[in-house]
Every structure is written in structure tokens, then in C-alpha cells.
Amino acid sequence: MRKRMIVAALIGLATGMYCTFWLTRLHIGAGDFSWAIWAAQDLLAHRNPYARTMQLYPLTASIFGFPFLRIPPELAGGVFYGISSALMAFGLTRHGYRRLFVFLAYPYWAGLITAQWTPLIVAAAFLPPLLPATLAKPQIGLPVFLTRFSRRGILACIVVIALSFLFLPNWPLLWVGSFHQYARFFPLLVLPGPLLALALFRYRSNDAQLLFLMAIVPQRWFYDMLTLWLIPKSWRELSTTVLISWGAGIWRWYYTPHTFTQVGRAAVIFLYLPMLAIVLFRTQPTADEATVSQ
């Protein structure tokens, strides 16, 4: 346990500092985490967070923003991503250290540049008190919630939801009204995305359920798919999927996508189909495949 905590802390410190560097260099404040901070600021000032253009997050995200209100934006984003990474590392090492290879996957680094939520959502799959993180970005968190929920996790979610209603009782209606601003793609509907329906042949597998649920929720960029790395467990599965994932990064480096359909196609080819191969051709379930955090 102590070794896991030290390793997780070192990873969190290094990635948090590097995230802060990029946020400062790109002049984007706290990156994607800015929306949680802004929502918290609006609530404290008795303003409607959804009067802010492009506020697409549910009010549950604001609960995570409150502790960072007095921190400079770039540092706040870096600290958030560093803590999220540390928690993700701690969760991944539950059954050994080989799963830390996930940190080399392209979606992780795509998220680091803009302080995304996905590392915290991955951590929530292992640590029940963090399950409310799936409510902060539900289009990505829902598959994790449905496949990794526990009694303690659900209780934590109820607390966060109750707090959000305490701040603004009608926020769901206001949030739904902003949906039209969300540009996205659905992996299942982007060729060759329909192939992902083959995951249903292994519907009893927790990993197959996660893959299919991810395929039917809206997404917009490669960092959203980090949660797919809850699927690979063995060294071969991890190394193969991590290596192939950089195909999306190389494609993005040399080509600027003009539509989210183009982003979706690259995501399906380089991120989703390798996971489908694991789900379909894995001969035996791994020791922790069907384990749900208690």
C-alpha cells in the first residue's frame, strides 16, 4: 500500500507540473477544468452558470471546482490533473504495476494538455468515493458508472446530486437547454463503427459492456476514450493498444480534421477496434475483469 501511494504521488506530481506547463504555454487558463471553476464562481455570485455561453457541464461538475477558486487558473488545472492522475495510478496498481502502462496511451496525453476529466473518471472505476466524478462528465462517465457502481459509490453520487440541487434546483432544465451547443460524434454510427456492436456477443463480460456503452455515448475528441483502457489487463493487451493508440496522434499531427465525423473515424480505427479485438478474442476472463469496487 505504501509503495502504491508513493508511486501514485510521484506520477501525480510529475503530470501535474507538466500539465501546468502546457496550460501556461497555451494561455488557456485551467483548460477544460475552467468550466467547473466558472460554474462554482457563478454560484457563489448568485449568477446562473448556464447564462455563460458554452457551459455544457452539469452542475455536479461545479462541486469539484469549489476547492480551486483561490488558485491561479493554470495552477488549478495542473493540480486537478495531477491529483486525478495520482488517483488513477493508485487505482490501476491494485493488481500490480503493469497497468501503469496506460499512462503512455495517446488519449492520456491528449487530455493532459487541456486538463481533462478522464483520469479522474478512470480512477472512479477503482475507488468508490470518486464515483461522483462520472456525474461531472456524464457522456463519458455513464459507461463507467453502469459497469463499476457500488453501494458506497452510489451514496457518494447522491450526496453530490443533493448539493447541486441545493445550489440551483432547476439546473437540469437549464443544462438540457444547452445541449444543442455540443458538437459530437457517436462511435457506433461512424464507419466502421457499426462493427462495435459485435461486443454484444460477449454481453456477459464487464469489459464488453463498457465497450458497447462507450460506443453509443456522444464524444468529441480522443481524450474522451481514455476510459477504454479499463479493458486491457495483460501486458500484451496493454502494450498493443497503447502502441496502436498513437496512430490517432500521428494522424492528428499531420492532418487537421474538418468534421467530428473524421475525428470519430480515427477514434474507431485506432482506439475502439483494438479494444473490440481484445473483448472478442480474449480466451479467458482476467482475474479482475468482472470485479466491481465495493
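Residues numbered from 1 in each chain as written. Predicted model: local features only at pLDDT ≥ 70, side-chain atom pairs only at ≥ 80, totals over all residues. Heavy atoms only, no water.

Explanation requested: the nonpolar core in the structure shown.
It is characteristic of soluble globular proteins that their nonpolar side chains tend to be buried jointly. Residues F33, M88, W117, L211, F222, L228 and W229 are the most contacted members of the largest nonpolar core, which totals 75 residues. Looking at which element gives the most residues to this core, the answer is helix α13 (residues 260-281), with nine residues. Grouped together as the second largest cluster of nonpolar side chains are six residues, L43, Y50, L168 and W175 included. (Core = buried A, V, L, I, M, F, W, Y, C linked by side-chain atoms within 4.5 Å. Buried < 20%, exposed > 50% of the residue type's maximum accessible area, 1.4 Å probe, protein only. Helix = DSSP H or I, 4+ residues; strand = E, 2+ residues; numbered from the N terminus.)

Would you mind going over unusual backbone geometry with me for this structure?
Glycine aside, residues mostly have negative phi, and peptide bonds are mostly found in the trans state. For the bond from L191 to P192, the omega torsion is 5 degrees, close enough to zero to count as cis. With respect to the secondary-structure elements, P192 resides in the loop between α10 (171-176) and α11 (206-216). Backbone geometry at H27 places phi at a positive 55 degrees, although glycine is not the residue there. By the element assignment, H27 lies in the loop between α1 (2-26) and α2 (34-44). With a relative accessible area of 70%, H27 lands in the exposed category. Although it is not a glycine, H46 adopts a positive phi angle of roughly 60 degrees. Turning to its location among the elements, H46 is positioned in the loop between α2 and α3 (60-65).

I tried to follow empty space enclosed by the protein on my own but got confused; where do I start?
Regions of empty space are outlined by a rolling probe, equal in size to a water molecule, passed over the atoms. The full count for this structure, using the stated rule, is two cavities of 30 Å³ or more. If you add up the space inside the second largest cavity, you get close to 40 Å³. Forming the walls of the second largest cavity are W35, A36, A39, P49, Y50, Q55, Y57, P58, L59, A61 and S62. Looking at the lining of the second largest cavity, the elements with two or more residues in it are α2 and α3. For the lining of the second largest cavity, the leading source of residues is α2, giving three residues. The residue inventory of the lining of the second largest cavity, partitioned by class, reads nine nonpolar, two polar and no charged. (1 Å grid on protein atoms, 1.4 Å probe; cavity = no way out; pocket = protein on both sides within 12 Å on 5 of 7 lines; lining within 4 Å. Points joined across faces, edges and corners; volume = space filled by probe spheres on them. Nonpolar A, V, L, I, M, F, W, Y, C, P; charged D, E, K, R; others polar.)

Help me understand the side chain of R148, please; the structure alone is not making it clear to me.
Mapped onto the secondary structure, R148 falls in helix α8 (residues 138-148). We classify R148 as buried; its relative accessible area is 6%. For R148, the side chain forms a polar contact with the side chain of T147, separated by 3.2 Å. (Polar contact = N/O pair within 3.5 Å; in protein donor to acceptor, adjacent residues only side chain to side chain.)

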